[in-house]
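Architecture at a glance
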Amino acid sequence: MSRVASAAEHGNAAEATLITLAATGDKRAFEEIVRRRQSQVRNFMYYLCGHATERDDLAQQVFLTLWRSIGSLRSVDAFDGWLKRIMVTTWQQSGRRKRMTLADESELPELGTSAESPSQRLDLNAALALIPPPVRLCVVLAYAGGMTHEEIAAATEVPLGTVKSHILRGSARLRELLADYRHE
Amino acid sequence: MQPEHDSQLQALFAKSAQDFRDEAFVRAAIRRIETRDSRRAIARSVLWVAGLAGVAVISPFLIDGASWLSDGLDLAFSSTNRVLYTPVGTVCAIVLSVTLFAFNWKRIWVK
């Protein structure tokens, strides 16, 4: 009875309350946070990795890290930025396992040299997959995360100039790749 | 939307974002957390038991070491005592104390 009531209470609670409760070790409150934030985390990871299985694995890793460290969160207001930081770190760690670094300044693949030709219909995820991971991360943080260049630089620990350049080049490349798709 | 961002791309991202209301995912995430928590609890218990066993195993050596140290200190203090009670030893101790004070008086008096 109390368990059902508690679940219902958590379902209606404001996120700030849930965060405060989760920080004291309330797993049910944390479960509600997972429920509410899963779209944000899973979409972010899907844009970056493009695979549903890897997306969910990384998203679960994000929530695991969040649970482990939520007790050290100083302010409820900092939660959103902190979650984004964990998302970025989780992605970077998975990238490091695949021998990929943010400092990588590899050239963007030329149109027509990859398996997809410009005439093929490309959806957003397929287009993102054609962008190098460091550039993709900045573009996704900007457009899916709604972060400013300064916030991205802080979250990724990449110089501001590099972030701006990544977003400029990435956006141009995306527009190029999606041009046919948009016109159809 | 951030002013520096392309509005068309922003709209495309917003359109392609999925709204997940997936209980299976929530359950899987919580299960993963619980598995990790229980593994950590087991590891903590094992470490605690191993620590206790370690202390039990090395305690005879600790006791031997403590008595060896105590014997050594006894010997050192009694030797120093014997030397200090001779006239030469007393003069040496006074000279040493005065020298040390002369070089360190500032550190002793001035804060």
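A closer look at the overall build of chain B
Each helix and strand in chain B was counted, giving 3 helices and 0 strands. Mapped in sequence order, the helices and strands of chain B form the string α-α-α. Per-residue burial over chain B gives 5% buried out of 111 residues.

Quick word on the interface of chain B and chain A
Chain B puts 22 residues into the contact, and the matching count from chain A is 21 residues. Put simply, the parts of the chain that give the side of chain B that touches chain A at least two residues each are α1 (7-16) and α2 (23-84) of chain B. It is α2(B) that contributes the most residues to the side of chain B that touches chain A, 8 residues altogether.

Things to note about helix α4 (residues 52-69) of chain A
Count 3.6 residues to each turn of an α-helix, and residues three or four apart come out pointing the same way. Taking 1.5 Å per residue as the helical rise, α4(A) with its 18 residues ought to reach 26 Å, and the 26 Å between its terminal C-alpha atoms agrees with that figure. Among all positions in α4(A), only Asp56(A), Leu58(A), Ala59(A), Gln60(A), Gln61(A), Val62(A), Phe63(A), Leu66(A) and Trp67(A) are buried. For α4(A), the elements touching its buried residues are α3 (27-49) and α5 (79-97) of chain A together with α2 of chain B.

So, the confidence of the model for chain B
Residue and element names in this part refer to chain B. Averaged over all residues, the pLDDT of chain B is 90; the fraction at 70 or higher stands at 95%. Averaged pLDDT values over the elements of chain B bottom out at 87 in α1 and peak at 94 in α2. Across the predicted assembly, pTM comes out at 0.70 and ipTM at 0.74.

A closer look at the environment of Asp57(A)
Among the secondary structure elements, Asp57(A) is positioned in helix α4. Through-space distance from the C-alpha of Asp57(A) to that of Arg42(A) is 9.4 Å; in sequence the pair is 15 residues apart.

Details of the nonpolar core
Residues and elements named next belong to chain A. Among the nonpolar cores identified, the biggest contains 54 residues, and Met-45, Cys-138, Val-139 and Val-140 are the most heavily contacted of them. At 11 residues, α3 tops the list of elements feeding residues into this core. Residue contributions to this core reach at least three from each of two domains, namely domain 1 (1-100) and domain 2 (104-184).

Quick word on unusual backbone geometry
The phi dihedral of Glu157(A) is positive, around 60°, even though this residue is not glycine. If you trace the backbone, Glu157(A) turns up in the loop between α8 (149-156) and α9 (160-183).

Quick notes on the rules
Residues numbered from 1 in each chain as written. Chains lettered and ligands numbered in written order. Predicted model: local features only at pLDDT ≥ 70, side-chain atom pairs only at ≥ 80, totals over all residues. Helix = DSSP H or I, 4+ residues; strand = E, 2+ residues; numbered from the N terminus. Buried ≥ 20, exposed ≤ 12 C-beta atoms within 10 Å, placed from the backbone. Contact = placed C-beta atoms within 7 Å. Expected span 1.5 Å × (residues − 1). pLDDT = per-residue confidence, 0-100. Core = buried A, V, L, I, M, F, W, Y, C linked by C-beta atoms within 7 Å. Domains from an automatic or database assignment.

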